[in-house]
Amino acid sequence: MRILFIGDIFGKPGRTMVRSHLRQLVARHGIDLTIANGENAAGGFGITPQIAEELFELGIEVITTGNHVWDKRELIDYLNAGLDEPATPARRVLRPANYPAGTPGSGLYQGTTRGGVAYAVINLQGRVFMNSIDDPFRTADALLAQISSRVVIVDMHAEATSEKIALGWYLDGRVTAVIGTHTHVPTADDRVLNKGTAYQTDVGMTGPWQGVIGIQTELIINRFLNGMPTRFEAATGDPRLCAVVIDCDEQTGRARSIERLLICG
Ligand SMILES: [Fe+2]
């Protein structure tokens with residue numbers, strides 16, 4: 001089984017890259033399941049129901065998010081509707097599973113590929129240099145206890161490399177892949193860990209690279225120079241698509257390989 005995981009889709013440049021390249025990528029790599037982090041898909045801040053459904057129509061099957069998940073308030077009703085009607089696309093938009101109890105939406109999706117393979121996607125968020133939320137490690141333990149599918153993909157949306165690497169080792173042999181998101185910069189540490197979990201600290205951003213992690217360069221430089229509050233605007237230039245292809249044994253859920261992709265627009 002081959003899984004494509006697309007890194008943080010940022011604004012229109014990111015969505016356009018997905019529209020231009022996804023079909024070819026799926027065909028060329030024989031992809032059975034496509035997952036993407038979409039928390040910045042709406043102009044760099046959050047995701048709307050309309051954009052989520054646009055991404056589903058392009059071929060993405062599960063969308064993960066992170067700290068920007070509530071930037072667009074209309075997503076709250078959409079996530080709750082997904083919980084009420086599990087067959088709707090809304091159920092395939094996740095928020096981090098380790099948000100406090102009572103938070104709208106879900107951090108776990110369990111589905112079946114077109115080829116009939118059961119899989120699960122878990123969305124987690126880190127706590128180092130980020131908001132204080134529940135423990136992602138123990139949340140993963142609790143979710144894994146209730147998942148029967150062998151193929152399990154984890155999006156660890158986190159700032160600190162150490163926290164992501166630690167989670168990779170913690171889940172090694174228990175999940176198919178731990179893929180990091182949030183920093184928007186792809187790391188060169190893609191590998192299969194000792195017990196068969198594919199790992200990368202950050203998959204990188206699918207969006208405008210001519211900027212500072214998605215935002216217009218001058219705004220961020222000025223922010224560093226004078227510390228004044230600034231309204232951030234999404235950058236536009238040099239769109240790129242960052243992703244990984246994970247090949248795994250669908251019987252055991254163990255990864256055979258992970259390959260890093262970087263496509264320039
Ligand atoms: Fe983020």
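This text follows the structure it describes.
As a further point, take the nonpolar core. Membership of the largest hydrophobic core comes to 32 residues, with the highest contact counts inside it found for Leu4, Ile6, Ile9, Ile47, Leu55, Ile60 and Ile63. Taken together, the elements giving at least two residues each to this core come down to strand S1 (2-6), helix H1 (11-29), helix H2 (49-58), helix H3 (74-84), strand S11 (237-248) and strand S12 (255-264). The leading source of residues in this core is H2, at five residues. Residues contacting Ile60, with those up to four places away along its chain left out, are Ile6, Ile9, Val18, Leu22, Thr34, Ala36, Leu55 and Arg92. Among the nonpolar cores identified, the runner-up in size contains 22 residues, and Val62, Ile179, Val244 and Ile246 belong to it.

For the iron ion, the protein coordination sphere consists of Glu39 (OE), Asn67 (OD1), His157 (NE2) and His182 (ND1), at 2.0 to 2.2 Å. Coordination at the iron ion is irregular, judged from the four donor atoms that bind it and the angles of 86 to 164° they form at the metal. Considered as a linear motif, the donors of the iron ion on their single chain read E-x27-N-x89-H-x24-H. One end of the pair, His157, is in strand S6 (residues 151-157); the other, His182, is in the loop between strand S7 (177-181) and strand S8 (191-192), with 25 residues separating them in the sequence. Here His157 matches His182 in class, with each residue buried.

We now examine the pattern of salt bridges. Evaluation of the coordinates by the stated rule reveals 12 salt bridges. Among the salt bridges present, the one from Arg114 reaches Glu61, with a minimum N-O distance of 2.7 Å. You can see Arg114 sitting in the loop between strand S4 (108-112) and strand S5 (118-125) and its partner Glu61 sitting in the loop between H2 and strand S3 (62-64), a full 53 residues away along the chain. Here Arg114 falls in the exposed class, since its relative accessible area comes to 65%. A relative accessible area of 14% means that Glu61 is categorised as buried. Taking the shortest distance from any N to any O, the salt bridge between Arg260 and Asp190 comes out at 2.7 Å.

A few words now on the environment of Ala198. Here Ala198 lies in strand S9 (residues 198-200). Spatially, the C-alpha atom of Ala198 lies 8.3 Å from that of Asp172, the residues being 26 residues apart in sequence. Leave out the neighbours within four places in its chain, and Ala198 touches Thr176, Ala177, Val178, Arg191, Val192, Ile246, Ala255 and Ile258.

The next subject is the side chain of Asp247. Along the chain, Asp247 falls in strand S11. On the basis of relative accessible area, Asp247 is assigned to the buried category, the value being 13%. A polar atom in the side chain of Asp247 sits 3.1 Å from the side chain of Arg2. Setting aside chain neighbours within four positions, we find Asp247 in contact with Met1, Arg2, Ala255, Arg256 and Ser257.

Attention now goes to the sheet that holds S6. Strand order in the open sheet formed by six strands is S4-S5-S6-S7-S9-S8, with mixed pairing between adjacent strands. Strands with a single pairing partner mark the edges of an open sheet, and in this sheet they are S4 and S8.

The next thing to look at is the side chain of Arg91. Considering the arrangement of structural elements, one finds Arg91 in the loop between H3 and S4. Buried and without a salt bridge, Arg91 has Asp84 as its closest oppositely charged side chain, separated by 9.6 Å. The contacts of Arg91, once residues within four sequence positions are left out, are Gly82, Leu83, Glu85, Pro86, Ser106, Leu108 and Tyr109.

Below, the discussion takes up the layout of surface pockets. Put simply, the largest pocket is a space of about 350 Å³. For the largest pocket, the lining is made up of 19 residues, of which Asn67, His68, His182, His184 and Ile213 are closest to its centre. Across the lining of the largest pocket, the residue classes tally to nine nonpolar, eight polar and two charged.

So, on to unusual backbone geometry. With a phi close to 105°, His182 is a non-glycine residue in the positive phi region. Overall, the relative accessible area of 13% leaves His182 in the buried class. Residue Asp238 is not a glycine yet carries a positive backbone phi of 50°. Tracing the backbone through its elements, the reader meets Asp238 in strand S11. Overall, the relative accessible area of 29% leaves Asp238 in the partly exposed class.

What counts as what
Residues numbered from 1 in each chain as written. Predicted model: local features only at pLDDT ≥ 70, side-chain atom pairs only at ≥ 80, totals over all residues. Heavy atoms only, no water. Core = buried A, V, L, I, M, F, W, Y, C linked by side-chain atoms within 4.5 Å. Buried < 20%, exposed > 50% of the residue type's maximum accessible area, 1.4 Å probe, protein only. Helix = DSSP H or I, 4+ residues; strand = E, 2+ residues; numbered from the N terminus. Contact = heavy atoms within 4.5 Å. Donors = N, O, S within 2.8 Å, 3.2 Å for Na, K, Ca; no water. Tetrahedral: all angles 85-135°; square planar, octahedral: opposite > 155°, others 65-115°. Salt bridge = Lys/Arg side-chain N within 4 Å of Asp/Glu carboxyl O. Polar contact = N/O pair within 3.5 Å; in protein donor to acceptor, adjacent residues only side chain to side chain. Pairing = 2+ DSSP bridges. Lys, Arg positive; Asp, Glu negative; His and termini not counted. 1 Å grid on protein atoms, 1.4 Å probe; cavity = no way out; pocket = protein on both sides within 12 Å on 5 of 7 lines; lining within 4 Å. Points joined across faces, edges and corners; volume = space filled by probe spheres on them. Nonpolar A, V, L, I, M, F, W, Y, C, P; charged D, E, K, R; others polar.

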